[in-house]
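# Fold and geometry: a report
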Amino acid sequence: MLTLTIDGAPVTVRRGTLVVEAARELGIEIPVFCFNERLAPVGACRMCLVEIDKMPRLQTACTTPVSDGMAGSRRVAVHYIFPTHNRRPVFEAEEFRALIEKLLLQIAAEKGLEVIALNVLADHVHVLIRKETRRSDGQVMKLLKGASARYFFLSYPEVKEGLRSQSLWAHGYYSRFVSKNDMPRVVRYVREQRDSEG
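Okay, so let's go over this structure. In this text, all values refer to a predicted model and were calculated from it rather than measured experimentally.

### Some points on the overall build of the chain
Scanning the chain from terminus to terminus reveals five helices and nine strands. Projected onto its principal axes, the C-alpha coordinates of the chain cover approximately 65 × 30 × 25 Å. By residue count, 46% of the 198 residues in the chain fall in the buried class. Expressed as a percentage of contacts within the chain between residues at least 6 apart in sequence, the contacts between residues at least 24 apart total 63%. Summed over its atoms, the accessible surface of the chain is roughly 10,900 Å², and 49% of this surface lies on carbon and sulfur atoms.

Spelled out as structure tokens, the structure:
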């Protein structure tokens, strides 16, 4: 029998148990799409990525066997970039940047998302967030973009009137998981972004 820790809770399981199965023993559900107990694990969908101490990159919980003393977390870091609608420079005014930054930080805190780094530029936002794997990137974007647009337009209705589509954010976004090894580089990248000249 092996003992490991998931999200701070200890669990003892048999050798050969996968991380996703050990988590279930604790009542922790790690989302999976390609995992089936009756088939060989493949880890193709990447939905079950988890952070495991002493491993340089995120690991798939459905293919990683547990080891004695292993410690892991369902909270992963993700770098998001999301633009304004048609990349219009909506946040050129410092007061607009300050408000959208405050709104994004407040919404994230209310929804249990940890903001590691945030940079609001004139026509897009960079944010590095630690979230639970059960929450999809689409859900995170819906929370951040939806609520921030609503409150921003309540504060500045004239901005909404000036936008042809009356939408603050574009539909798409970029997201990338960030490992512990990459964290300092990505934090620096997010903080050093500047508006392009011309």
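Having seen the structure, we can now continue with the description.
### Some remarks on the nonpolar core
Phe-91, Ile-100, Leu-144, Phe-152 and Leu-168 are the most contacted members of the largest nonpolar core, which totals 33 residues. At the level of elements, β6 (75–83), α2 (94–110), β7 (114–120), β8 (124–132) and α3 (137–155) are the ones that each hand at least two residues to this core. Beyond its immediate stretch of four places on either side in the chain, Leu-144 contacts Leu-104, Ile-107, Ala-108, Leu-113 and Ile-129. Ranked by size, the runner-up nonpolar core spans 20 residues in total, among them Leu-2, Ala-23, Ile-28 and Val-66.

### A closer look at the packing of α2 against α3
The geometry of α2 relative to α3 is characterised by a closest axis approach of 9 Å and an angle of 135 degrees between their N-to-C directions. Taken together, the axes of α2 and α3 lie oblique to each other. By crossing handedness, the relation of α2 to α3 is classed as right-handed. The segment α2 lies against α3, with Phe-96, Leu-99, Ile-100, Leu-103, Leu-104, Ile-107 and Ala-108 engaging Leu-143, Leu-144, Ala-147, Ser-148, Tyr-151, Phe-152 and Ser-155. Of the residues belonging to the contact of α2 with α3, the class tally is 12 nonpolar, two polar and no charged.

### Let's talk about the environment of Glu-21
Take Glu-21: it is sitting in helix α1 (residues 19–25). Counting along the chain gives 45 residues from Glu-21 to Val-66, while the straight-line C-alpha distance between them is 9.4 Å. In contact with Glu-21, other than residues within four places in its own chain, are Phe-35 and Glu-37.

### So, the side chain of His-126
Relative to the helices and strands, His-126 is located in strand β8. Take His-126: its relative accessible area is 2%, and that puts it in the buried class. Only 3.1 Å separates the side chain of His-126 from the side chain of His-79, close enough to count as a polar contact. Among the polar contacts made by the side chain of His-126, one reaches the side chain of His-124 at a distance of 3.3 Å. Among residues more than four places away in sequence, those in contact with His-126 are His-79, Tyr-80, Ile-81, Ala-117, Leu-118, Asn-119, Leu-121, Tyr-189, Val-190 and Gln-193.

### What about the environment of Gly-27?
By the secondary structure assignment, Gly-27 is in the loop between α1 and β3 (49–52). Put simply, Gly-27 and Pro-89 are 62 residues apart on the chain and 46 Å apart in space, counted from C-alpha to C-alpha.

Quick notes on the rules
Counting of residues starts from 1 at the beginning of each chain's written sequence and follows it residue by residue. Reporting of local features is limited, given that this is a predicted model, to residues whose pLDDT is at least 70; pairs of side-chain atoms are given and counted only at 80 or more, and all residues count toward the totals for whole chains, interfaces and linings. The basis for every side-chain value is the complete set of heavy atoms in the structure, and neither hydrogens nor water enter the calculation. The way it works is that DSSP assigns letters per residue, a run of H or I at least four long becomes a helix, a run of E at least two long becomes a strand, and they are numbered from the N terminus. Note on classification: 1.4 Å probe, protein chains only; a residue is buried when its accessible area is under 20% of the maximum for its type, exposed when over 50%, partly exposed between these limits. Residue contacts follow a heavy-atom distance rule, with two residues in contact if any of their heavy atoms lie within 4.5 Å. For the accessible areas, the method is Shrake-Rupley and the probe is 1.4 Å, while residue cover comes only from the protein chains on display. Only buried residues count toward a nonpolar core, which is a set of Ala, Val, Leu, Ile, Met, Phe, Trp, Tyr and Cys residues joined through side-chain atoms within 4.5 Å. Axes here mean lines fitted to C-alpha atoms, for a helix over just the part in contact, with angles spanning 0 to 180 degrees between N-to-C directions. Roughly parallel means an angle under 35 degrees; roughly antiparallel means over 145; roughly perpendicular covers 65 to 115; every other angle is labelled oblique. Left-handed describes a crossing in which the near helix is turned anticlockwise from the far one by less than a right angle; the clockwise case is right-handed. In this classification, the charged set is Asp, Glu, Lys and Arg, the nonpolar set is Ala, Val, Leu, Ile, Met, Phe, Trp, Tyr, Cys and Pro, and all remaining amino acids, among them Gly, are polar. Residues adjacent in sequence count toward polar contacts only when both atoms are side-chain atoms; beyond that, a polar contact is any pair of N or O atoms within 3.5 Å, and within protein one must be able to donate a hydrogen and the other to accept it.

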